[in-house]
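# Analysis of the macromolecular model
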Amino acid sequence: MLAAVLLLALPFCTAELASTYAGSTVVDSYPPARATNTAIDSYFPDASQVGYAGPTPTGAEPAAIITAIPFSKVENAFPLSMPKPANGKDSTFNVMRHWGNLAPMYSVDSFGLPDASPTIPEGCGINAVHLLMRHGARYPTSGSGSAQFATDLNAAASNKSFSATGKLEFLATWTYKLGAEILTPFGRDELFSNGVAFRYRYGNLLNAFTDLPVFRTTSEDRMVDSALNFAAGFFGLKTYETDYHQEIIIEADGFNNTLAPYDTCTNVNSEDVGNFGGIQGDIWADIYLKSARKRLQPLIRGFNLTTSRLIAMQETCAYETVALGYSEFCDLFTEEEWEGYEYYVDLNFWYSEGPGNPTAAAQGLGYVQELVSRLTHTPINIWNSSTNSTLDSSNITFPLNQPIYVDATHDTVISSIVTTLNFTSLAANGPLPTDHIPPHRSYIASQIAPFSSQLVAQVLSCPASKEPTHIRFLLNDGVMPLTGIHGCKEDPNGLCALPSFISGMQERIGEINFAYDCFANYTMPDPDTIIDGRYPTS
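All values reported here derive from a predicted model rather than from experimental measurement. (Residues numbered from 1 in each chain as written. Predicted model: local features only at pLDDT ≥ 70, side-chain atom pairs only at ≥ 80, totals over all residues. Heavy atoms only, no water.)

### Details of the layout of surface pockets
Space inside the largest pocket adds up to approximately 1,100 Å³. A total of six residues in the lining of the largest pocket trace back to one element, the largest contributor, which is helix α11 (residues 335-352). Across the lining of the largest pocket, the residue classes break down as 10 nonpolar, 17 polar and eight charged. Looking at the second largest pocket, its volume works out to about 470 Å³. Around the second largest pocket, the lining is made up of 23 residues, and of these Lys-73, Val-74, Ser-193, Asn-194 and Ala-197 lie nearest the centre. For the lining of the second largest pocket, the element with the most residues is helix α5 (residues 185-202), which contributes eight residues. (1 Å grid on protein atoms, 1.4 Å probe; cavity = no way out; pocket = protein on both sides within 12 Å on 5 of 7 lines; lining within 4 Å. Points joined across faces, edges and corners; volume = space filled by probe spheres on them. Helix = DSSP H or I, 4+ residues; strand = E, 2+ residues; numbered from the N terminus. Nonpolar A, V, L, I, M, F, W, Y, C, P; charged D, E, K, R; others polar.)

### Some points on the packing of helix α4 (residues 145-157) against helix α10 (residues 307-324)
At their nearest, the axes of α4 and α10 sit 8 Å apart, and the two run at 115° to each other. Overall, the two elements α4 and α10 adopt an arrangement that is roughly perpendicular. In this structure, the crossing between α4 and α10 has a hand that is left-handed. Taken together, the residues of α10 that come into contact with α4 (itself represented by Gly-145, Ser-146, Phe-149 and Asp-152) are Arg-309, Ala-312, Met-313, Glu-315, Thr-316 and Tyr-319. (Axes fitted to C-alpha atoms, helices over the stretch in contact; angles between N-to-C directions. Parallel < 35°, antiparallel > 145°, perpendicular 65-115°, else oblique. Left-handed = near helix turned anticlockwise from the far one by under 90°. Contact = heavy atoms within 4.5 Å.)

### Side note on the state of the cysteines
What the rule picks out here adds up to four disulfides. Between the sulfur atoms of Cys-124 and its disulfide mate Cys-462 the distance is 2.0 Å. Disulfide Cys-124-Cys-462: torsion about the S-S bond near 115°, hence right-handed. Of the two residues, Cys-124 sits in the loop between α3 (64-67) and β2 (125-134) while Cys-462 sits in the loop between β8 (454-461) and β9 (470-475), which places them 338 residues apart along the sequence. For the pair formed by Cys-124 and Cys-462, the shared burial category is buried. (Disulfide = S-S within 2.5 Å. Buried < 20%, exposed > 50% of the residue type's maximum accessible area, 1.4 Å probe, protein only.)

### Some points on the nonpolar core
Of all hydrophobic cores here, the largest spans 112 residues; its most connected members are Trp-99, Leu-421, Phe-423, Phe-473 and Phe-501. The contacts of Leu-421, once residues within four sequence positions are left out, are Val-368, Leu-371, Leu-455, Phe-473, Ile-485, Phe-501 and Met-505. Among the nonpolar cores identified, the runner-up in size contains 34 residues, and Ala-116, Tyr-202, Leu-206 and Phe-234 belong to it. (Core = buried A, V, L, I, M, F, W, Y, C linked by side-chain atoms within 4.5 Å.)

### Regarding the side chain of Asn-127
When you line up the elements, Asn-127 lands in strand β2. Within the structure, Asn-127 has its side chain in polar contact with the backbone oxygen of Lys-466 (distance 3.2 Å). Setting aside residues up to four positions removed in sequence, Asn-127 forms contacts with Leu-205, Pro-403, Val-459, Leu-460, Ser-461, Ser-465, Lys-466, Glu-467 and Pro-468. (Polar contact = N/O pair within 3.5 Å; in protein donor to acceptor, adjacent residues only side chain to side chain.)

### Concerning the packing of aromatic side chains
Applying the stated criterion across every chain, the model contains 29 aromatic pairs. Measuring from ring centre to ring centre gives 5.9 Å for Trp-338 and Tyr-341, while their planes differ by 85°; the resulting arrangement is edge-to-face. With a gap of three residues between them, Trp-338 and Tyr-341 both fall in helix α11, about one helical turn apart. For Trp-338, a relative accessible area of 0% gives the class buried. Its relative accessible area of 1% is what places Tyr-341 among the buried residues. Ring geometry for Phe-514 and Phe-519: centres 6.0 Å apart, planes at 75°, overall edge-to-face. The exposure class of Phe-514 is buried, given its relative accessible area of 7%. The exposure class of Phe-519 is partly exposed, given its relative accessible area of 46%. (Phe/Tyr/Trp six-rings, centres within 6.5 Å; stacked < 30°, edge-to-face > 60°.)

### Concerning empty space enclosed by the protein
As enumerated under the stated definition, the model contains five cavities of 30 Å³ or more in all. Around the largest cavity, the lining residues are Glu-75, Asn-76, Ala-77, Met-82, Asn-94, Met-96, Arg-97, Pro-104, Met-105 and Tyr-106. In the lining of the largest cavity, the residues fall into six nonpolar, two polar and two charged. The volume enclosed by the second largest cavity comes to roughly 60 Å³. Along its surface, the second largest cavity is lined by Ile-65, Phe-71, Phe-198, Arg-201, Tyr-202, Gln-454, Val-456, Leu-474 and Asp-477. Put simply, the parts of the chain that give the lining of the second largest cavity at least two residues each are α5 and β8. Looking at which element gives the most residues to the lining of the second largest cavity, the answer is α5, with three residues.

### Topic: the packing of helix α8 (residues 276-288) against α11
Running from amino to carboxyl end, α8 crosses α11 at an angle of 160°, the nearest separation of the two axes being 7 Å. Comparing the axis directions of α8 and α11 gives the class roughly antiparallel. Viewed along their axes, α8 and α11 form a crossing whose handedness is right-handed. Facing Phe-276, Gly-277, Gly-278, Gln-280, Gly-281, Asp-282, Trp-284, Ala-285 and Tyr-288 of α8, the residues of α11 in contact are Glu-337, Gly-340, Tyr-341, Tyr-343, Tyr-344, Leu-347, Asn-348, Tyr-351 and Ser-352.

### A closer look at a nonpolar patch on the surface
Where nonpolar side chains cluster on the molecular surface, the patch consists of Ile-40, Tyr-43 and Phe-44 and spans about 390 Å² of accessible area. Relative to the helices and strands, Ile-40 is located in the loop between β1 (16-17) and α2 (47-50). (Patch = residues over 30% accessible without salt bridge, like charges linked within 9 Å, V, L, I, M, F, W, Y side chains within 5 Å. Areas by Shrake-Rupley, 256 points an atom, 1.4 Å probe, with all protein chains shown as cover. Salt bridge = Lys/Arg side-chain N within 4 Å of Asp/Glu carboxyl O.)

### Description of the pattern of salt bridges
On inspection of all chains with the given rule, the structure shows 18 salt bridges. Across the pair Asp-109 and Lys-73 runs a salt bridge whose closest N-O atoms are separated by 3.2 Å. Placement of Asp-109 in the loop between α3 and β2 and of Lys-73 in the loop between α3 and β2 is noted, with a sequence separation of 36 residues between them. For Arg-534, the salt bridge goes to Glu-511, with nearest N and O atoms at 3.8 Å. One end of the pair, Arg-534, is in the segment after α17 (514-519); the other, Glu-511, is in helix α16 (residues 498-511), and 23 residues separate them in sequence. Among the charged side chains, a salt-bridge network with shared partners connects Arg-216, Glu-370, Arg-374, Asp-392 and Asp-407.

Here it is as structure tokens:
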């Protein structure tokens, strides 16, 4: 009898009582206070003052998107530590790729065109390129689940009944070391490396410029930081500030901005429409986290591991890894639970910013109008979306003759824009169910809008000439089928004749009712069978 009692007590006989600081926030600041001393600046002249640079001849611009076979893929996240799942039964299982929009960008093998390569088809020439990119890895947004988890844990730790053991023992002394909103060091590296890679792939297009390029971003700190890091990688650290013009568009309520359209679309911010993905995701979370709660709750007393807290723990795994390089939260969850989390994020995106939400196509409308304007070299003259008439009416702030366009935006915006573009292969097996993960699903958020995501439009001439004839799209290096666009035919390389694409996009633009989808008083269809990002017309 005594042995039985001892066995029952065993899990907590070595439990660690919480310190009073468990869950508290730790903040570091660099440079240290009073470290700046301008009086000694003269001792450290810059390179232009020192001179003696040695020979500096330049070489030819690279064009790896034409010549690089095989194509160089993004396959790791150096220098981050690679997390392992709790069961670890498959050593090849990549936890990071199951973080949804919090995953570092990786090269997607295929979106349904397995024989297509990101390098342009043989015999074609590259005439222009349009890049839409997401900012790099960041800290959680303000008021995130991770921050709330830390606050709740800190409150619980002040109670004498709180204790943790086993794999949760670290929580007794764990502190919250994450900031909010801004890029992490890894996030800066992502964008710098993307800039370098983009120069290798498309650098030869710089030869076609007659003036300095204009690249765009929004005013949020991480957006500006991402744009500048990309530019430093693309142009070079010494000269990037004078090699191009960085346009910074205000991101705030009341300002039209195609790279942050949710500020001008009221229904996006409503609980029942804009957050419908969160509602659907929570239904699934209660299912996939049952086993995790049953396994982990006995390891902690005085703190209830609710579904929302378990989700926050999974999110904290991702955020700590991209901010600190490693997280003890990662190996608390099994492969199946990481697959469940990935699908939880998929549901959030599908039903809030993707094909299943009636505001998605409207949110992406402004950018698609700008894309068509650039492709046709025709100024926008109808202002019925999130386009900014002041900026887009000027050939200074919205030039139409660039061989390279670079715009920086957010994950939810990329998700909305690919919906507006009618990339129907992504919605092939939607709507998404909330009670199970469908096999061979086509909509995966980590492939659409991970940290530093890239949507690239290659404007081509086939055969190579000065006049463009075709267009195709790469989403994180995966070639996208364009058969959802009226006039675009099946093609093994994802090509669509440029006139057909433009007319198909003009038709799509005409179908989207921005005013209704963004401002009308409607409720979500029940069931929600939307698969094109528009409110049903009947």
